[in-house]
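# Observations on the model geometry
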Amino acid sequence: MGSLVDPPEGRTPITNKWVLTKKYDKEGNLQKYKARLVACGYSQQPGMDYNDTFSPVVRLETIRTLLALAVAEDWEIQQMDVKGAYLNGTIKEQIYMKQPEGYDDGTGRVCHLIKSLYGLKQAGREWNDELNKQLESLGWKPTIVDPCAYARRTADGIEVVAVWVDDLLLFASDTKLMTKLKLELKSTFEITDLGEPAKIVGIEIDRDRTNRTITISQRQYIEAILQKETLQNAHPVAIPMDPNLQLQPSEGESQDKSNGYASLIGSLMYLAVATRPDIAYAVFRLGSYTANPAMSHWTAAKRVLRYLSGTRDYGITYRAEKVKPKENLFLGYSDASYANNDDATSISGYVSIMGGGAITWGSRKQTSVSLSSTESEYVALADAAREITWLRNLLEGLGYKQYAPTKLYGDNNGALAIAKNPQYHKRTKHFDTRNHYIRQKVKESVIEIEHCPTSKMTADIFTKALPKPKFQLHRTELGFPAPA
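Basis of the calculations
- Residues numbered from 1 in each chain as written.
- Predicted model: local features only at pLDDT ≥ 70, side-chain atom pairs only at ≥ 80, totals over all residues.
- Heavy atoms only, no water.
- Helix = DSSP H or I, 4+ residues; strand = E, 2+ residues; numbered from the N terminus.
- Expected span 1.5 Å × (residues − 1).
- Buried < 20%, exposed > 50% of the residue type's maximum accessible area, 1.4 Å probe, protein only.
- Arc of directions from axis to C-beta.
- Contact = heavy atoms within 4.5 Å.
- Polar contact = N/O pair within 3.5 Å; in protein donor to acceptor, adjacent residues only side chain to side chain.
- Salt bridge = Lys/Arg side-chain N within 4 Å of Asp/Glu carboxyl O.
- Pairing = 2+ DSSP bridges.
- Axes fitted to C-alpha atoms, helices over the stretch in contact; angles between N-to-C directions.

The terminal C-alpha atoms of helix α3 (residues 175–188), which comprises 14 residues, lie 20 Å apart, in line with the 20 Å expected from a rise of 1.5 Å per residue. Of all the residues in α3, the buried ones are Leu177, Met178, Leu181, Lys182, Glu184 and Leu185. Axial view of α3: buried residues confined to an arc of 160°, hence all on one face. Turned more than 90 degrees away from the buried face of α3, the exposed residues are Thr175, Lys176, Leu183 and Ser187. On its buried face, α3 sits against β4 (76–82), α2 (123–137), β8 (149–154), β9 (157–164), β10 (167–172) and β11 (191–195). By the N-cap criterion, in which a side-chain oxygen at the helix start approaches the backbone nitrogen of a residue two or three places on, α3 is capped by Asp174, the distance to Lys176 being 3.2 Å.

This is the structure:
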């Protein structure tokens, strides 16, 4: 990892500490105790101790897409963990560190680091560079749209590796390929074989090979939030947000953003982007009041927790739908809620469905005020088109090129007409150029837009708080269990 040298003049060695942690499985059972030496990277100086620090991880959308593909193609799935992953990176800068507690020889010398160490600002980047170099030497290619999803297709089949720091999610088209893949990785790094994946980045994975389904959920994470807020025994509610509730910004001075409300919304945000699209709108809306929450905002946030209390076992289920050559693997829905925000802006919502479950979704405020519901729906279509383009590129990088146009459903005839033809010039001449992206993709036959009745618009759940019957209908369409 390094060598002991005399302290260089003009350099202050960084400090370090031992971090003791406990590792649990998805049922909450203690697996092992871990002790790790961590450098105090906060004392590093830019330009001297480090330069670049960026390091990518696989996108959650990619993980969900791969799981849906694995169900359809009946792939083998395994999980591996690289032991001391950051220790594999090679340091390019000159870094000096004090000797760790319990290993100080009393000479006053310092450690000159050669290999990376946890806590260093560039540790993640150096590990990612080393991993990328080793995988590419073995014939793997990262997908262009997600550099942490590696694919290798041969005459024997396809293999995919998804990387989240030191967690590796492996996919192979058969058992023989999976065995070969694992042996390759074990010969390159010191790796723990975790077998069938049960939990990765807080997402619990349950596979039923008999019925060919995979369900992703976060029960343990939800229970941790409920326990923190002392609401583990809260009375459940059927919907996360009351459709009759009128939320307004709080008057008075803004509070410290480190308040408990911000912490709660941050915890819910990970749920909303990982496995629980059914709370995405509620969390997005409540997040806009983080700077200065009032009691009404706290009450609404606690309602989301009460909803989660009754649905903590819920997750998205992907089912086997045989992949047919030159047929699309997914479809999309796009919707908007006109002038539904405090500042008169509209809200866009979109979702992509594959294998009967949502793989990507979004609920966000539009950046400008729309002058009509048609304009807001047109902006939402452009947002959905960008997501569809990304998904098509991801699938192509995995060897599943989409030859036919992807179907995108909208419920506003005016917006669909504008996307197909440059008409209504007087009413559309002020549209931002970026929103005409949807028109370009329709012209290129990348996307095929179709009308969908508002009552069947799945993306409606991302644009507003819905009454119970509508909410439960659209939630089921996202891949959640049907209400009892």
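Time to look at the pattern of salt bridges. With the rule as written, the count across this model stands at 26 salt bridges. Ionic pairing is found between Arg219 and Asp313, a salt bridge with its closest N-O pair at 2.2 Å. Of the two residues, Arg219 is situated in helix α4 (residues 219–228) and Asp313 in the loop between α7 (295–310) and β15 (315–319); the sequence distance between them amounts to 94 residues. By relative accessible area, which is 30% here, Arg219 ends up partly exposed. In this structure, the salt-bridge partner of Asp383 is Arg386, at a minimum N-O distance of 2.2 Å. Of this pair, Asp383 and Arg386 are both found in helix α8 (residues 373–397), 3 residues apart, which corresponds to roughly one turn of the helix. Overlapping salt bridges, with partners in common, bring together Asp74, Glu76, Arg207 and Arg209 in one network.

It is worth spelling out the sheet that holds strand β16 (residues 331–337) at this point. Within a sheet, neighbouring strands are paired by backbone hydrogen bonds and run either parallel or antiparallel to one another. Taken together, the 5 strands give an open sheet; going across it, the order is β18-β17-β16-β19-β20, and neighbouring strands pair in mixed fashion. Either end of the sheet is taken by a strand with one partner, and the two such strands are β18 (357–365) and β20 (447–451). Neighbouring strand axes in the sheet, compared pairwise and without regard to direction, differ in orientation by 20° on average. In this sheet, β18 lies alongside strand β17 (residues 347–354) in antiparallel orientation, the contact comprising 8 bridges. Bridged to Met354 within β18 is Gly357. Seen against the sheet, helix α1 (residues 60–73) touches β17 and β18 and runs at an angle of roughly 155° to β18.

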